[in-house]
Amino acid sequence: MSPSKLSPARQPVFVLVGGTGDLALRMLWPSLAMLDQDGFLSDDLRVVSVAREAVAKTEFLGRVQGAIEKRINKDLEDGTLDRFLKRVSHVALDASDPEWGNKLKAELGDIDTLDIVYFLSVSPTLFKPICEHLETAGLSRAPNRVIIEKPLGRDLASSKVINDSVAHAFEETRTFRIDHYLGKETVQNLLALRFANTVFEPLWNAQSIDHVQVTVSETVGTGDRLGYYDDYGALRDMVQNHLLQLVCLLAMEPPSNFNSDALRDEKVKVLRSLKPITADVVKEVTARGQYGAGFAEGHQVAGYEAEKGSPSNTETYVAIKAEVANWRWSGTPFYLRTGKALPSRTTEIVIQFRAVPHSIFGAAAQPNRLVIRLQPDEDIKLTVMNKAPGLSADGMQLQPLDLSLSLTNAFDSNGDKPSRRRIAYERLILDALNGNNAAFVRRDEVEAAWTWIDGISAAWAEAYPKPQLYPAGSNGPISAHMLLERDKRVWND
Ligand code: NAP
């Protein structure tokens, strides 16, 4: 374990802007505490929370402690809270105050001796004023870094505005854009699986792979995010970032090394190879849905429009047949789908291999399938055909056998006891503290993703303005099933 520190001579400081908010309480405070418990934080690291609300120190530490206990529960070891809470302070500052930067500077002390990471866990509308304050007060100078998270715009133009406002204060190498999927163990393992083994890569192409499915399904509706969601929809909220990041890792060429630019150069090539979806094909290669009344998670759900209280054309479900138009993938579609109010909470990648070219076992020999699961459990399984054990009067019988490839689920790094399932933010915060941006999204990736997504939005506006209703708790709109049926395939449900 190496304690986090980019500049050994400077004292590390983690400034959590929005330290009282939902993301901070559910994810960020528990992640920091777990990094501390596992010895990843430098002894002198301080954590400074910033928000408008003035909270007395004891009350604030009580809130942070409550959030950590709620999230970590049985994995919290004696002594972790005491050690971690000693690092924490809170300062009440309003981003609309022109003195925000100077007041923060006064709180931080001699900034020339500090190595500061800012996590902006606030609405993106505040990124610009906050970055301006940081710049004016001299708080954005190297080696200081900034972490930001989605929504980074709702189209290419608005994402450029956000990125420009951050870029004014922090150059690209010091800007860490989180897609928390990239912090998940199984997503990281995808890179190891593809590029640390010889067995998969020769098969990782259109000659051997029939198609790929990427599914992110949620059982919940939009809940209290409806106000935000109605302006975004499933395409912008989920496909532009999480699903396309998974496609990048699945489809990219092997990078020449594991450094952040080599990796991200290959990812951006995938995004730029996505075949544009135009109005003349959009109804064939995409499905748009919106949940109506039904039952989800055992409860009656009123339906999206009824929850909103007015008509809406926002999609809560999207399925897309995406094509990566390059030599490796021509002829192998990537089917993407994501939606709300569905029967299960699942994040899953299915690599469906082609059938054997000539089966001596007839139809019994099913094609191999690699299933990479991120939710509800993290797991990787390869389905291979196997002889059913024992005798049979009808000759040799076959059966599919699942080989689990997910050693990370079974062992910790010492190889001897089950490991705790980490919060994805733990890895990302640690990487940012150490100045390693390989698992963060570069600006050109965000913009290439928006370029493709904007094409779909425009095609929908022209040729597919209304989403198709599906009952809450069902498997999504009929059009999503027809999308695969047209290609004589089925979703892995
Ligand atoms: P939230 O619960 O509304 O928290 C916002 C935080 O910002 C609070 O600490 C709030 O504290 C502070 N804040 C608001 N206005 C401020 C101002 N003018 N000056 C200084 N601080 C201010 O929001 P959230 O759910 O944590 O989300 C934060 C960001 O992360 C959003 O952009 C969201 O889209 C994104 N995000 C959230 C999640 C999630 O699971 N929640 C997931 C992914 C991305 P005060 O009101 O005391 O100022």
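Taking an unreviewed UniProt entry as the reference, the protein is identified by name as Glucose-6-phosphate 1-dehydrogenase belonging to Asticcacaulis aquaticus. As recorded by UniProt, the Sequence similarities (unreviewed entry) comment attached to the protein reads in full: "Belongs to the glucose-6-phosphate dehydrogenase family." Within the UniProt record for the protein, the comment given under Catalytic activity (unreviewed entry) is "D-glucose 6-phosphate + NADP(+) = 6-phospho-D-glucono-1,5-lactone + NADPH + H(+)".

What follows concerns the site of the ligand. Neighbouring residues of the ligand: 21 residues in total, closest Thr20, Asp22, Leu23, Arg26 and Arg52. A distance of 3.0 Å separates an oxygen atom of the ligand from a polar atom in the backbone of Gly21. One nitrogen or oxygen atom from the main chain of Ala95 is found 3.0 Å from a nitrogen atom belonging to the ligand. Computed on the free molecule, the ligand has an accessible area of 880 Å², of which 72% lies beneath the protein chains in the complex. Counting residues per element, the shell around the ligand draws most heavily on helix α1 (residues 22-37), at 3 residues.

Spatially, β16-β15-β14-β13-β7-β12-β11-β8-β17 is the arrangement adopted by the 9 strands of the open sheet, whose pairing is mixed. At either margin of the open sheet sits one strand with a lone partner, and together these are β16 (398-404) and β17 (468-471). With strand direction ignored, the average angle separating the axes of adjacent strands in the sheet is 20 degrees. Across 7 bridges, the pairing between strand β15 (residues 379-387) and β16 is antiparallel. Within the sheet, the bridge partner assigned to Thr383 lies in β16 and is Asp402. Across the face of the sheet, helix α16 (residues 478-485) comes into contact with β7 (209-217), β8 (286-292), β11 (317-322), β12 (334-339) and β17 while running at roughly 15 degrees to β11.

A few words on the side chain of Glu378. Topologically, Glu378 is positioned in the loop between β14 (369-375) and β15. By relative accessible area, Glu378 is classed as buried at 8%. Polar side-chain contacts of Glu378 include one of 3.4 Å to the side chain of Arg421.

Rules behind the numbers
Residues numbered from 1 in each chain as written. Predicted model: local features only at pLDDT ≥ 70, side-chain atom pairs only at ≥ 80, totals over all residues. Heavy atoms only, no water. UniProt positions renumbered as here; feature names shortened; annotations may be inferred. Near = heavy atom within 4 Å. Polar contact = N/O pair within 3.5 Å; in protein donor to acceptor, adjacent residues only side chain to side chain. Areas by Shrake-Rupley, 256 points an atom, 1.4 Å probe, with all protein chains shown as cover. Helix = DSSP H or I, 4+ residues; strand = E, 2+ residues; numbered from the N terminus. Pairing = 2+ DSSP bridges. Axes fitted to C-alpha atoms, helices over the stretch in contact; angles between N-to-C directions. Contact = heavy atoms within 4.5 Å. Buried < 20%, exposed > 50% of the residue type's maximum accessible area, 1.4 Å probe, protein only.

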